[in-house]
Amino acid sequence: MTGEKERMLNGELYDASDPRLVAERERARELTHRYNRTAQDEPDRRRRLLEELFGTIEDDAVVEPPFRCDYGSNVHAGEGFYANFGCVVLDVRRVEFGRNCLLGPGVHVYAATHPLSAEERAEGLEYGKPVTVGDDVWIGGRAVLNPGVTVGDGSVVASGTVVSEDVPAGVVVGGNPATIVEELE
């Protein structure tokens, strides 16, 4: 029999009030609370907390507090990853950041979503879609990446952009919804 966590990770409808999932979110809240209370002169403590929180994170990755996430264990950050102040990652599914990926302040990444059916929402059901950000991507402040999107290598997401569809490699996107405003060489 498949449990709620397995349903969540498989992109199926699941019950977020499942005790196992609640406990894992509480663990993430505790770790992010401790992380967000660290001082700039505590890089080793920050590193240990991020290694405990994230699924994978490279040694040179930097996450400026405050930071928030659902589980943390589904976040994977590559070499040279940088997240500025106030980023939020709702990681009910895998959220992967490639090498040299930069997040501006207040970037939100949502792998979590809800069914369109009011009845299913009323039952507390939700589901998720993975989010993938390629190598050498810059995501400007207050941008939003919606469930299931991929941002291609070398692309730039302008500040305040809402990404609801895949972004190809080597472009600048802006607006709500995101549209290509420039092709990069």
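Residues numbered from 1 in each chain as written. Predicted model: local features only at pLDDT ≥ 70, side-chain atom pairs only at ≥ 80, totals over all residues. Heavy atoms only, no water.

Asks: Would you mind going over the overall build of the chain with me for this structure?
Replies: Secondary structure summary: the chain contains four helices and 20 strands in total. The C-alpha radius of gyration of the chain comes to 16 Å, within 12% of the 16 Å expected for a compact globule of 185 residues. Taking the principal axes of the C-alpha coordinates as reference, the chain spans close to 50 × 45 × 25 Å. Across the 185 residues of the chain, 48% fall into the buried class. Considering only contacts in the chain between residues 6 or more positions apart, those separated by 24 or more positions represent 27%. With the model as given, the accessible surface of the chain reaches about 9200 Å², and the carbon-plus-sulfur share is 49%. Of the side chains in the chain, 19 bear a positive and 33 a negative charge, and the two mean positions are spaced by 7 Å. (Helix = DSSP H or I, 4+ residues; strand = E, 2+ residues; numbered from the N terminus. Rg over C-alpha atoms; globule rule 2.2 N^0.38 Å. Buried < 20%, exposed > 50% of the residue type's maximum accessible area, 1.4 Å probe, protein only. Contact = heavy atoms within 4.5 Å. Areas by Shrake-Rupley, 256 points an atom, 1.4 Å probe, with all protein chains shown as cover. Lys, Arg positive; Asp, Glu negative; His and termini not counted. Charge placed at Lys NZ, Arg CZ, Asp CG, Glu CD.)

Asks: Is there a simple way to explain the packing of aromatic side chains in this structure?
Replies: Aromatic ring pairs: the centre-centre distance and the angle between the two ring planes describe each pair. Scanning the model with the defined rule gives two aromatic pairs in all. For the ring pair Phe 81 and Phe 97, a centre distance of 4.8 Å and an interplane angle of 35 degrees mean the geometry is tilted. Here the residue Phe 81 occupies a position in the loop between β5 (75-77) and β6 (82-83), and Phe 97 occupies one in strand β8 (residues 95-97), the gap between them amounting to 16 residues. Accessibility classification places Phe 81 together with Phe 97 in one group, the buried group. (Phe/Tyr/Trp six-rings, centres within 6.5 Å; stacked < 30°, edge-to-face > 60°.)

Asks: Is there a simple way to explain the pairing of strand β19 (residues 171-174) in this structure?
Replies: Walk down a regular strand and you will see the side chains alternate between the two sheet faces. Of the two faces of β19, the one carrying Val 171 and Val 173 and the one carrying Val 172 and Gly 174 are both buried. Sheet topology note: the strand β17 (residues 156-157)/β19 ladder contains two bridges and is parallel. What sits directly across from Val 157, in β19, is Val 173. Pairing between β19 and strand β20 (residues 179-183): four bridges, direction antiparallel. Within the sheet, the bridge partner assigned to Val 173 lies in β20 and is Ile 180. As consecutive antiparallel partners, β19 and β20 are separated by four residues, and within that stretch Gly 175 has a phi angle of approximately 100 degrees, a positive value. (Pairing = 2+ DSSP bridges.)

Asks: Explain the side chain of Asn 74 here, please?
Replies: The topology assignment puts Asn 74 in the loop between β4 (67-69) and β5. On the basis of relative accessibility, which here comes to 11%, the residue Asn 74 falls in the buried class. In terms of polar contacts, Asn 74 uses its side chain to reach the backbone carbonyl oxygen of Asp 91, at 2.7 Å. If near-sequence neighbours (up to four positions away) are discounted, Asn 74 is found in contact with Met 8, Leu 9, Asp 91, Val 92, Arg 93, Arg 94 and Val 95. (Polar contact = N/O pair within 3.5 Å; in protein donor to acceptor, adjacent residues only side chain to side chain.)

Asks: Just to check I follow, could you spell out the sheet that holds strand β15 (residues 144-145) for this structure?
Replies: In any sheet, the strands associate via hydrogen bonds between backbone groups, in a parallel or an antiparallel arrangement. Here we have five strands laid out as an open sheet, ordered β4-β7-β10-β15-β18, and parallel in their pairing. Only two strands of the sheet have a single neighbouring strand rather than two, namely β4 and β18 (162-163). Bridge count for strand β7 (residues 87-90) against strand β10 (residues 108-110) is three bridges, and the pairing is parallel. Bridging across to β10, Val 89 finds its partner in Val 109.

Asks: Explain the environment of Met 8 here, please?
Replies: On the secondary structure map, Met 8 appears in helix α1 (residues 4-9). For the pair formed by Met 8 and Tyr 127, sequence separation is 119 residues and the distance between their alpha carbons is 6.0 Å. Sequence-distant contacts of Met 8, that is, excluding residues within four places in its chain, are made with Tyr 14, Leu 21, Tyr 71, Asn 74, Val 92 and Arg 93.

Read these as layout, nothing more, since geometry by itself doesn't imply function.
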